[in-house]
Amino acid sequence: MNRVYNFSAGPSMLPEAVLRRAAGEMLDYQGSGQSVMEMSHRSKVYEGIINSAESLLREVMNIPDNYKILFLQGGASSQFAMVPMNLMTKNNKADFVITGQWATKAYKEAARYGAANVVASSKDKTFSYIPELDPASFDKEADYFHICMNNTIYGTKFHTLPDTGSVPLVADISSCILSEPIDVSKFGLLYAGAQKNMAPAGLTVVIIREDLIGHAMDITPTMFDYQIHADNGSMYNTPPCYTIYMAMLVLDWLKNTIGGLDEMKKINEKKAGMLYGFLDASKLFRGTVEPQDRSLMNVPFVTGDEELDKKFVKAAEAEGFVNLKGHRSVGGMRASIYNAMPTEGVQKLVAFMEKFEKENA
């Protein structure tokens, strides 16, 4: 078996130990005589799986008791509509910081349901930085304040959260969930697609403060009402059963193999430090993000020569470093180094980049 180092932005690598455990349980989950893929979501066996996934997530992320965890479908993109339909219901307005494609989509979708106000944007420099925020520009009557905490495409991250006072802070954490500790109590709502750090594609996790549930607009479809999913324990309809099972295995790995999010953060900082350190010293490659706003998870970089970028991506793939091509809106390269990317993978990538630089100086 010849496994590659997969630097995809998502769906991304899963921990090898998790994949091996899932493979071992594929035909017979804990003596049930069936695969998790084929069992009823209403069975006692599956009830144990979804409850364990929720319990582990609550423990690993230290989620307070007054927050509900919802396991949903539709990807993080479905939340661009679900959030305003459920939260933009008191004063019909919300604040947005535009730091990339996903923040823009969240803003545009919300503008269909109320007044969406852009507080700040980094579009002027291709989203290569996190804009400074002036609290005086925040609307104190906004129903929520939305940020995309880590920007997958552009490689930026909020290292300091905006102080929104009594206005609930809402964050898309799709590409940084479980990468480091996060103070959930500072947010009204967090949401994330699972396919980057948590599980295969198909699951969306919403962590929502209980007082924000139960205020949906009259036009809200039943499946888009947080109250429905909270009241039914994420079982109003058939949930993404196997993906939730995989999330349970990943969370168990994080807790019992890695040692929790503090340890995961140390590993991620080491990996990112190696790659950024090389980029900062390189005469061929350079990072595209302002250093103070760099992401731990997504590292975009370029050579400055489009043809050389293509040559690098092709040569890297031949050596087993796949999915390094940058997003079509940015070009260049991007290494997504999520939790499951081993330190060895980043070390080998840096060694390959050093070799490529010498050969193409």
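A. Summary view of the packing of helix α3 (residues 75-87) against helix α4 (residues 101-110). At a minimum axis separation of 9 Å, α3 and α4 run at an interaxial angle of 40 degrees. Here α4 runs oblique to α3, going by the angle between their axes. With respect to the hand of their crossing, α3 and α4 are arranged in right-handed fashion. Contacts between α3 and α4 involve S77, F80, A81 and P84 from the former and W102, K105, A106, E109 and A110 from the latter. Classifying every residue of the contact of α3 with α4 by side-chain character gives 6 nonpolar, 1 polar and 2 charged.

B. Geometry of the side chain of S295. Within the fold, S295 resides in the loop between β11 (286-287) and β12 (298-302). By relative accessible area, S295 is classed as buried at 0%. A distance of 3.0 Å separates the side chain of S295 from the backbone nitrogen of N298, its partner in a polar contact. If we ignore the near neighbours within four places in the chain, the residues touching S295 are N150, G155, T156, K157 and Y276.

C. Layout of the packing of aromatic side chains. Overall, the coordinates contain 18 aromatic pairs when judged by the stated rule. Residues F285 and F356 carry aromatic rings whose centres are separated by 6.1 Å and whose planes lie at 40 degrees to one another, so their mutual orientation is tilted. Of this pair, F285 sits in the loop between α7 (261-281) and β11 while F356 sits in helix α9 (residues 343-359); the two residues are 71 residues apart in sequence, bridging distant segments of the chain. Each member of the pair, F285 as well as F356, is classed as buried. Between F301 and F312 the ring centres are 6.0 Å apart and the planes differ by 75 degrees, which places this aromatic pair in the edge-to-face class. Remark: F312 occurs in helix α8 (residues 306-318) and F301 occurs in strand β12; sequence separation between them is 11 residues. Each member of the pair F301 and F312 is classed as buried.

Cut-offs applied
Residues numbered from 1 in each chain as written. Predicted model: local features only at pLDDT ≥ 70, side-chain atom pairs only at ≥ 80, totals over all residues. Heavy atoms only, no water. Axes fitted to C-alpha atoms, helices over the stretch in contact; angles between N-to-C directions. Helix = DSSP H or I, 4+ residues; strand = E, 2+ residues; numbered from the N terminus. Parallel < 35°, antiparallel > 145°, perpendicular 65-115°, else oblique. Left-handed = near helix turned anticlockwise from the far one by under 90°. Contact = heavy atoms within 4.5 Å. Nonpolar A, V, L, I, M, F, W, Y, C, P; charged D, E, K, R; others polar. Buried < 20%, exposed > 50% of the residue type's maximum accessible area, 1.4 Å probe, protein only. Polar contact = N/O pair within 3.5 Å; in protein donor to acceptor, adjacent residues only side chain to side chain. Phe/Tyr/Trp six-rings, centres within 6.5 Å; stacked < 30°, edge-to-face > 60°.

It is worth stressing that arrangement in space is one thing and function is another; only the former is reported here.
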